[in-house]
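# Structural overview for review
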Amino acid sequence: EAGQNDKASQLLSQAIQLAQTIGDAYSKAGALAEIAGKYANTVQKDKVSQVLSQALQVAKTIGASFEGSGFISVPKAWGLAEVAGKYVEVGQYDNAIQIANTVENPFQKSWTLAGIAGKCTETGRKDKVSQVLSQALQTAKTIENANYKARALAEIGGKYAKAGQKVDDKAKKILQEIIRELE
C-alpha cells in the first residue's frame, strides 16, 4: 500500500506540473481542481487545500472571453463554480460559499451558487441545496439584463429539479417578483 501511495503522489505531482503549463486559465483551473480532488483519496490530504487554493487563484484570472457576443464572462463563473464544487466534494462547504461570495457580478455569482448547489446534490449534501439555491435566486433578482436574468433562472431552476427539491415559499416569492419585473 505504501508503494501505491508513493506512486499516486508521484503521478499527482507530475499532473500538477503539467497543469501549470496549460495556457488557458479556465482549463488550468479545472485541471488543478480535479487534481486536488484526487489528493483527497491519498495519504497526502494536506495537499487538497493547497492545490485547490492554486486552482482558485487561477480561476480568478479567467477573462471574459465571450464579451464580444454580449455574454459576460460565463467562463469565469464556470471556473469558479468548478473550483467551489471541488471544495464541496472534499467537505469544505464553507470555502465554496466564500468563493461564491467573492464574485461581484450578480449573473456570475448566481451561476456559481447554482454550481455549488449542483455539487451539494451530487455529494449528498442535500441539507445545503435549498439554502444555496435561495441565495442564488436572491442574487439573480438583482440582475438587470433580462437575458442574463432568464439564463440564471433557468440554471437555478435546473438545479432545483436535479435536487428533486420543491421551491420553498421564499424562493417562490422571489420568482414571482422577477416574473412581474419581466412582464
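Each remark here, short or long, concerns the structure printed above.
Let me begin by describing the structure that accompanies this report. Since this is a predicted model, take the numbers as computed values, not measurements.

Next up on the list: the overall build of the chain. Looking only at helices and strands, one finds nine helices and zero strands in the chain. Secondary structure elements of the chain, listed N to C terminal, follow the sequence α-α-α-α-α-α-α-α-α. Within the chain, the fraction of its 183 residues that count as buried is 44%. Residue pairs at least 24 apart in sequence account for 60% of intrachain contacts in the chain once pairs closer than 6 positions are excluded. Accessible surface computed for the chain: about 9,300 Å², of which carbon and sulfur atoms make up 50%.

Here we come to the layout of surface pockets. One way to see where empty space is left: roll a probe the size of a water molecule over the atoms. As a volume, the largest pocket reaches approximately 220 Å³. Of all the secondary structure elements, the ones that give two or more residues to the lining of the largest pocket are helix H2 (25-39), helix H4 (74-89), helix H6 (106-122) and helix H8 (146-163). With six residues, H4 is the largest single contributor of residues to the lining of the largest pocket.

Counting 52 residues, the largest nonpolar core has Val83, Ile116 and Ile156 as its most contacted members. If we ignore the near neighbours within four places in the chain, the residues touching Ile156 are Ser110, Ala114, Leu133, Ala136, Leu137 and Ala140.

As a further point, take the pattern of salt bridges. Counted by the stated rule, this structure contains eight salt bridges. Between Glu34 and Lys86 there is a salt bridge, and its shortest N-O distance comes to 3.4 Å. Pair noted here: Glu34 is in helix H2 and Lys86 is in helix H4, with a separation of 52 residues, a long-range link. Under the relative-accessibility criterion, Lys86 is labelled buried at 9%. In this structure, Arg125 and Asp127 form a salt bridge, with 3.5 Å as the shortest nitrogen-oxygen distance. According to the relative accessible area criterion, Arg125 is partly exposed, its value standing at 27%.

Attention now moves to the packing of H6 against helix H7 (residues 126-140). Between two packed helices, what matters for the description is the angle formed by their axes and the separation of those axes. Where H6 contacts H7, the axes come no closer than 8 Å and their chain directions differ by 170°. The orientation of H6 with respect to H7, classified from their angle, is roughly antiparallel. Judged by the twist between their axes, the crossing of H6 over H7 is left-handed. On H7, the residues that touch Pro106, Lys109, Ser110, Leu113, Ala114, Ile116, Ala117, Cys120 and Thr121 of H6 are Lys126, Lys128, Val129, Val132, Leu133, Gln135, Ala136, Thr139 and Ala140. Residue composition of the contact of H6 with H7, grouped by class: 11 nonpolar, four polar and three charged.

What counts, and where the lines are drawn
- Residue numbers here run from 1 along each chain, matching the order of that chain's written sequence.
- Local features are withheld for residues below a pLDDT of 70 in this predicted model, meaning they are given only at 70 or higher, and side-chain atom pairs are given and counted only at 80 or more; totals for whole chains, interfaces and linings count all residues.
- The basis for every side-chain value is the complete set of heavy atoms in the structure, and neither hydrogens nor water enter the calculation.
- Strands are runs of DSSP state E lasting at least two residues, helices are runs of H or I lasting at least four, and both sets are numbered from the N terminus onward.
- Any residue under 20% of the maximum accessible area for its type is buried, any over 50% is exposed, and the rest in between are partly exposed; the area is computed with a 1.4 Å probe on protein chains only.
- Any two residues having at least one pair of non-hydrogen atoms within 4.5 Å are treated as being in contact.
- Only the protein chains shown count as cover for residues, and the accessible areas themselves come from Shrake-Rupley with a 1.4 Å probe.
- Cavity: a set of points on a 1 Å grid over the protein atoms alone where a 1.4 Å probe fits but cannot get out. Pocket: an open set with protein on both sides within 12 Å along at least five of seven lines, its lining residues, like those of a cavity, having an atom within 4 Å of a point.
- Grid points are joined across faces, edges and corners, and a volume is the space filled by probe spheres set on the points.
- Residues belong to a common nonpolar core when they are buried Ala, Val, Leu, Ile, Met, Phe, Trp, Tyr or Cys residues joined through side-chain atoms within 4.5 Å.
- Any Lys or Arg side-chain nitrogen found within 4 Å of a carboxyl oxygen on Asp or Glu counts as a salt bridge.
- Axis lines are fitted through C-alpha atoms, for helices just across the contact stretch, and the angle between N-to-C directions can take any value from 0 to 180 degrees.
- Put simply, angles under 35 degrees are roughly parallel, angles over 145 are roughly antiparallel, angles from 65 to 115 are roughly perpendicular, and the rest are oblique.
- Each crossing is labelled by how the near helix is turned from the far one, with a counterclockwise turn of less than a right angle marking it left-handed and a clockwise turn marking it right-handed.
- Following the grouping adopted for this structure description, the nonpolar residues are Ala, Val, Leu, Ile, Met, Phe, Trp, Tyr, Cys and Pro, the charged ones are Asp, Glu, Lys and Arg, and the polar ones are all others, Gly among them.

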